[in-house]
Amino acid sequence: MLGQVELFKPIFEAHGLELICPDFVQTLSEEELCALLPEMDGWIIGDDPATFKVLEAGKQGQLKAVVKWGVGVDNVDFDACKQLGLPVSNTPGMFGEEVADVALSYIIGLARQTFLIDRGVRADGWPKPAGMSLPGKKLGLIGFGDIGRSIAKRCLAFGLDLTIWDPYANPSTEDQQKYTFAAYPEGIEHMDFLVASCALTPETKHMVNASVFEQAKEGVRVVNVSRGGIIDEQALMQALDSGKVHSAGLDVFETEPLPADAPIRNYERCILGTHNGSNTVDAVIRASHQAIRLLFGFLDIELKEEAFL
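Nothing here was measured: the structure is a model prediction, and the numbers come from that model.

**Student:** I'd like to hear about the sheet that holds strand 3 (residues 88-90), residue by residue, with values.
**Tutor:** If you walk across this open sheet you meet the three strands as 1-2-3, and the pairing is parallel. Single-partner strands in this sheet number two, and they are strand 1 (42-45) and strand 3. Averaged over all neighbouring strand pairs, the angle between strand axes comes to 15 degrees, with direction disregarded. Where strand 1 meets strand 2 (residues 65-68), four bridges bridge the pair, whose relative direction is parallel. In the sheet register, Ile-44 faces strand 2, and the bridge partner there is Val-67. Helix-sheet contacts for helix 11 (residues 281-298) involve strand 1, strand 2 and strand 3, and the interaxial angle to strand 2 is about 160 degrees.

Here it is as structure tokens:
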């Protein structure tokens, strides 16, 4: 939203509101937020730490409502919002198609090693690694929400055989005909790809760990477009070292932005992203408009729909 903020300022102005945008890249610290929020009536949260301390500081000032921009809510203390009487919501169902596109790009990139070819050509080489054909290969998908369903649809079109791991999935008869549904990590030893697309919760943290890698097929390719904490990064690096994991496509990490000295940077057979899976112009506008509408509703501001056109 920050990258396109000039598109949204007129909406706030049309409603007689001032939009405050601090100068930062990905997150503000608790201290910075505690200093800023008491002066704000509403807060559209990105990846910032929306902790009890931060929310309480805002509530002691003017803060009346908050909206989490995007789908993931692992950085927002919803219990604190309830305790403090702050209306809160996220914007689900906004990025399924966009994140799925990035997941598929990683799957294809790892299968055909296009990233290694690009690096080799830039280094004056002419590499020709033998790739993997996708039809008939097996893919295990963790999570069957909006993003997971969009990934599954794309993978099915490429001829992949999918196993879905999601205890909360409510598959239709058609879904059950297309995919195999199993308890995690049942069947992991047969999977050529392992793709994570679930929310980060205490239940899912490090669910892809050393034990799972031990059970996995030799040479499995790993993709994560959900949250970094789903995968135990130390276990992943050990599996890369041993060859158990052939390669990985990671759009997210346990610490973001990825530290300059992060060991994962040294693994040539990894595609490293910047938690950018949802970032298209279209999707950002769609999600931002939804976040603004929700926030204005919480603040009892009458919407002027013409301002959103």
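**Student:** Hey, could you go over the layout of surface pockets for me, with residue numbers and the actual values?
**Tutor:** As a volume, the second largest pocket reaches approximately 260 Å³. Looking at side-chain class alone, the lining of the second largest pocket contains two nonpolar, six polar and six charged residues.

**Student:** Lay out helix 11 in plain terms, naming residues and giving numbers.
**Tutor:** The end-to-end C-alpha distance of helix 11, which contains 18 residues, comes to 26 Å, matching closely the 26 Å that a straight helix rising 1.5 Å per residue would cover. Within helix 11, burial applies to Ala-283, Val-284, Ala-287, Ser-288, His-289, Ala-291, Ile-292, Leu-295 and Phe-296. Packing partners of the buried residues in helix 11 comprise helix 1 (5-14), strand 1, strand 2 and helix 5 (96-112). Directly beyond the C-terminal end of helix 11, a positive phi value near 55 degrees is found at Asp-300.

**Student:** So what's going on with the pairing of strand 5 (residues 161-165)? Residues and values would help.
**Tutor:** For strand 5, the buried fraction is high: four of the five residues fall into the buried class. Where strand 4 (residues 138-142) and strand 5 come together, five bridges link them in parallel fashion. Considered in strand 5, the bridge of Gly-140 is made with Thr-163. One crossover worth recording links strand 4 to the parallel strand 5 by way of helix 7 (residues 146-157), and it is right-handed. Sheet topology note: the strand 5/strand 6 (residues 180-182) ladder contains three bridges and is parallel. Looking at the pairing, Thr-163 lines up with Thr-180 of strand 6. A crossover connection joins strand 5 to the parallel strand 6 through helix 8 (residues 173-178); in handedness this β-α-β unit is right-handed.

**Student:** Describe in detail the packing of helix 5 against helix 6 (residues 114-122), supporting the description with residues and values.
**Tutor:** It is the contact of helix 5 with helix 6, at a shortest axis distance of 6 Å, that shows an interaxial angle of 65 degrees. Here helix 5 is positioned roughly perpendicular relative to helix 6, judged by the angle of their axes. Residues Gly-109, Leu-110 and Arg-112 of helix 5 form the contact with helix 6, whose own contacting residues are Thr-114, Phe-115 and Ile-117. Per-class residue counts for the contact of helix 5 with helix 6 are three nonpolar, two polar and one charged.

**Student:** An account of the sheet that holds strand 9 (residues 245-250) is needed here, citing residue identities and associated values.
**Tutor:** The sheet built from seven strands is open, its strands ordered 6-5-4-7-8-9-10 with parallel pairing. At either end of the open sheet lies a strand with only one pairing partner, and these are strand 6 and strand 10 (270-272). The mean angle between the axes of side-by-side strands here comes to 20 degrees, regardless of whether they run parallel or antiparallel. Pairing analysis gives four bridges linking strand 7 (residues 193-196) to strand 8 (residues 220-224), with the strands arranged parallel. From the neighbouring strand, Val-195 faces strand 8, where its bridge partner is Val-223. Together, strand 4, strand 7, strand 8, strand 9 and strand 10 form the strand contacts of helix 5, whose direction differs from that of strand 8 by roughly 155 degrees. Its contacts with the sheet place helix 10 (residues 233-242) against strand 9 and strand 10, and it is angled at close to 140 degrees to strand 9.

**Student:** Explain the pattern of salt bridges to me, using residue names and the numbers behind them.
**Tutor:** Tallying each qualifying case throughout the model produces 16 salt bridges. Residue Arg-227 pairs with Asp-74 through a salt bridge whose shortest N-O separation is 2.8 Å. Separated by 153 residues along the polypeptide, Arg-227 in the loop between strand 8 and helix 10 and Asp-74 in the loop between strand 2 and helix 4 (78-84) bring together distant segments of the chain. Here Glu-98 and Arg-286 are joined by a salt bridge, their closest N and O atoms 3.2 Å apart. With a gap of 188 residues between them, Glu-98 in helix 5 and Arg-286 in helix 11 connect regions that are remote in the sequence. Assessed through its relative accessible area of 35%, Arg-286 is described here as partly exposed. Here the salt bridges share partners, and the residues they tie into one network are Glu-97, Asp-101, Lys-153 and Arg-154.

Basis of the calculations
Residues numbered from 1 in each chain as written. Predicted model: local features only at pLDDT ≥ 70, side-chain atom pairs only at ≥ 80, totals over all residues. Heavy atoms only, no water. Pairing = 2+ DSSP bridges. Helix = DSSP H or I, 4+ residues; strand = E, 2+ residues; numbered from the N terminus. Axes fitted to C-alpha atoms, helices over the stretch in contact; angles between N-to-C directions. Contact = heavy atoms within 4.5 Å. 1 Å grid on protein atoms, 1.4 Å probe; cavity = no way out; pocket = protein on both sides within 12 Å on 5 of 7 lines; lining within 4 Å. Points joined across faces, edges and corners; volume = space filled by probe spheres on them. Nonpolar A, V, L, I, M, F, W, Y, C, P; charged D, E, K, R; others polar. Expected span 1.5 Å × (residues − 1). Buried < 20%, exposed > 50% of the residue type's maximum accessible area, 1.4 Å probe, protein only. Right-handed = clockwise from strand over helix to strand, strands pointing away. Parallel < 35°, antiparallel > 145°, perpendicular 65-115°, else oblique. Salt bridge = Lys/Arg side-chain N within 4 Å of Asp/Glu carboxyl O.

Function-wise, these values are silent; they only describe arrangement.
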